[in-house]
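Residues per chain, in single letters:
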Amino acid sequence: MRGRRWFPPLMAAILGLVVAHAAVGQELPVLDPLHVRLITQEVSGDAAYEHIRHDSHFHRPRGGSDGLWKVAEYYEQKAREYGLADVQLIKQAANSRPWNARFADLWIVEPEPQRLASTLQSALHLADYSRSTDVTAELVDVGAGTPADFEDVDVAGKVVLTYGSLFSVMRRAVGEHGAAGVIWFPSPFGGQSAYPDQLRWSRIPSDGADGFEPTFAFGLSLRQGLELRDRLAGTAEPVRVRA
């Protein structure tokens, strides 16, 4: 019991020394104090935030997408405004397919109309490299989309709902079982529960292989996905969607 009287103060003293040493260690005397102050006064968190806010208006898939070029041109302009010399925006050939989504919409059409997703709401609702389509089909829940989830389930010509690997489910559902497309949401077992309304950036294969050509995929938030899954489980009436 006597040790309890000196142990906390001793630990506090040691912790104080560690914190003090860490604070000193973070001071890097690369420049003299005057130049450090001058540089610090030119740094603006607000300006950095505005740059990122500008970027967020444009979806920027790789391969020379329109959004990527808009952001590149913005930084070219800003570099000139800030007085940098010999500013050039250098265009180089990409090693991946360019992709630009003009518009995409996903609706429940039966039994009652309800919009599920749209690029008018967020570009992230549509998986990158989705192909153009206009299809109305029944929606089928395939869970994680493992081979066992497709046993005795007819998905040919239908749209599947899944929280599994989008690449794997696209190949399995569309390539092997003839599904029309995929609606994907984050796995409820993957730690996404802290962000139930967040949309994740997703993509499907840009190119087909071995006779398999990907179609399209829409992405939903975890909350949307679970609500849609519950709806399918709670009715015997077919739910039809239009993509």
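The structure reproduced in this document is the subject of the present report. (Residues numbered from 1 in each chain as written. Predicted model: local features only at pLDDT ≥ 70, side-chain atom pairs only at ≥ 80, totals over all residues. Heavy atoms only, no water.)

A full pass over the atoms with the stated rule returns five aromatic pairs. Centroid distance tyrosine 74 to tyrosine 75: 5.2 Å. Interplanar angle 80°. Geometry classified as edge-to-face. Looking at tyrosine 74, the relative accessible area reads 12%, which means it is buried. Site record: aromatic cluster; members linked through ring pairs are Tyr163, Phe185 and Phe189. Sitting over the ring of tryptophan 69, lysine 91 keeps its end group 5.2 Å from the ring centre. (Phe/Tyr/Trp six-rings, centres within 6.5 Å; stacked < 30°, edge-to-face > 60°. Buried < 20%, exposed > 50% of the residue type's maximum accessible area, 1.4 Å probe, protein only. Lys NZ or Arg CZ within 6 Å of the ring centre and 35° of its normal.)

What follows concerns the pattern of salt bridges. What the rule picks out here adds up to twelve salt bridges. Across the pair arginine 80 and glutamate 76 runs a salt bridge whose closest N-O atoms are separated by 3.2 Å. Within this pair, arginine 80 and its partner glutamate 76 are both found in helix 4 (residues 66-81), separated by four residues, close to a single helical turn. Of the residues examined, arginine 80 reaches a relative accessible area of 47% and is grouped as partly exposed. (Salt bridge = Lys/Arg side-chain N within 4 Å of Asp/Glu carboxyl O. Helix = DSSP H or I, 4+ residues; strand = E, 2+ residues; numbered from the N terminus.)

Positionally, serine 130 belongs in the loop between strand 2 (114-118) and strand 3 (136-141). Taking the relative accessible area as the measure of exposure, serine 130 reaches 10% and is therefore buried. Discounting chain neighbours no more than four positions away, the residues touching serine 130 are Trp99, Ile204, Thr215, Phe216 and Ala217. (Contact = heavy atoms within 4.5 Å.)

Another point: a nonpolar patch on the surface. There is a patch of nonpolar side chains on the surface, built from Val30, Leu31, Val36, Ile39 and Val43 and spanning about 470 Å² of accessible area. Of the residues examined, valine 30 reaches a relative accessible area of 71% and is grouped as exposed. (Patch = residues over 30% accessible without salt bridge, like charges linked within 9 Å, V, L, I, M, F, W, Y side chains within 5 Å. Areas by Shrake-Rupley, 256 points an atom, 1.4 Å probe, with all protein chains shown as cover.)

Their axes nearest at 10 Å, the elements helix 3 (residues 45-55) and helix 4 cross at an angle of 150°. It follows that helix 3 is roughly antiparallel to helix 4 by the angle criterion. Where helix 3 abuts helix 4, its residues Glu50, His51, His54 and Asp55 lie against Lys70, Val71, Tyr74, Tyr75 and Lys78. Residues of the contact of helix 3 with helix 4, tallied by class, amount to three nonpolar, two polar and four charged. (Axes fitted to C-alpha atoms, helices over the stretch in contact; angles between N-to-C directions. Parallel < 35°, antiparallel > 145°, perpendicular 65-115°, else oblique. Nonpolar A, V, L, I, M, F, W, Y, C, P; charged D, E, K, R; others polar.)

The next thing to look at is the environment of glycine 181. Along the chain, glycine 181 falls in strand 5 (residues 181-184). Glycine 181 gets classed as buried once you look at its relative accessible area, which sits at 0%. Along the primary structure glycine 181 and threonine 133 are separated by 48 residues, whereas in three dimensions their C-alpha atoms are 9.5 Å apart.

Let us now look at the pairing of strand 4 (residues 159-162). A regular strand carries its side chains on alternate faces of the sheet. Going residue by residue along strand 4, you find Val159 and Leu161 tucked away on one face and Val160 and Thr162 tucked away on the opposite face as well. Here strand 3 runs beside strand 4; their pairing, made up of three bridges, is parallel. Bridging across to strand 4, leucine 139 finds its partner in valine 159. Pairing geometry for strand 4 and strand 5, over four bridges, is parallel. (Pairing = 2+ DSSP bridges.)

Turning our eyes to something else, we now look at the pairing of strand 3. Summarising the sheet, strand 3 and strand 7 (residues 240-242) pair through three bridges and their orientation is antiparallel. Paired with glutamate 138 across the two strands is arginine 240, which belongs to strand 7.

Taken together, seven strands build an open sheet; the order of strands is 2-1-7-3-4-5-6 and the sheet is mixed. In this open sheet, the two strands that pair with only one neighbour each are strand 2 and strand 6 (217-219). Across this sheet, the average inter-strand angle for adjacent strands is 30°, counted without regard to direction. Of the pairings in the sheet, the one linking strand 5 to strand 6 comprises three bridges and is parallel in character. When the bridges of strand 6 are listed, tryptophan 184 appears paired with glycine 219. Across the sheet, helix 5 (residues 166-176) is in contact with strand 4, strand 5 and strand 6; its angle to strand 5 comes to roughly 150°.

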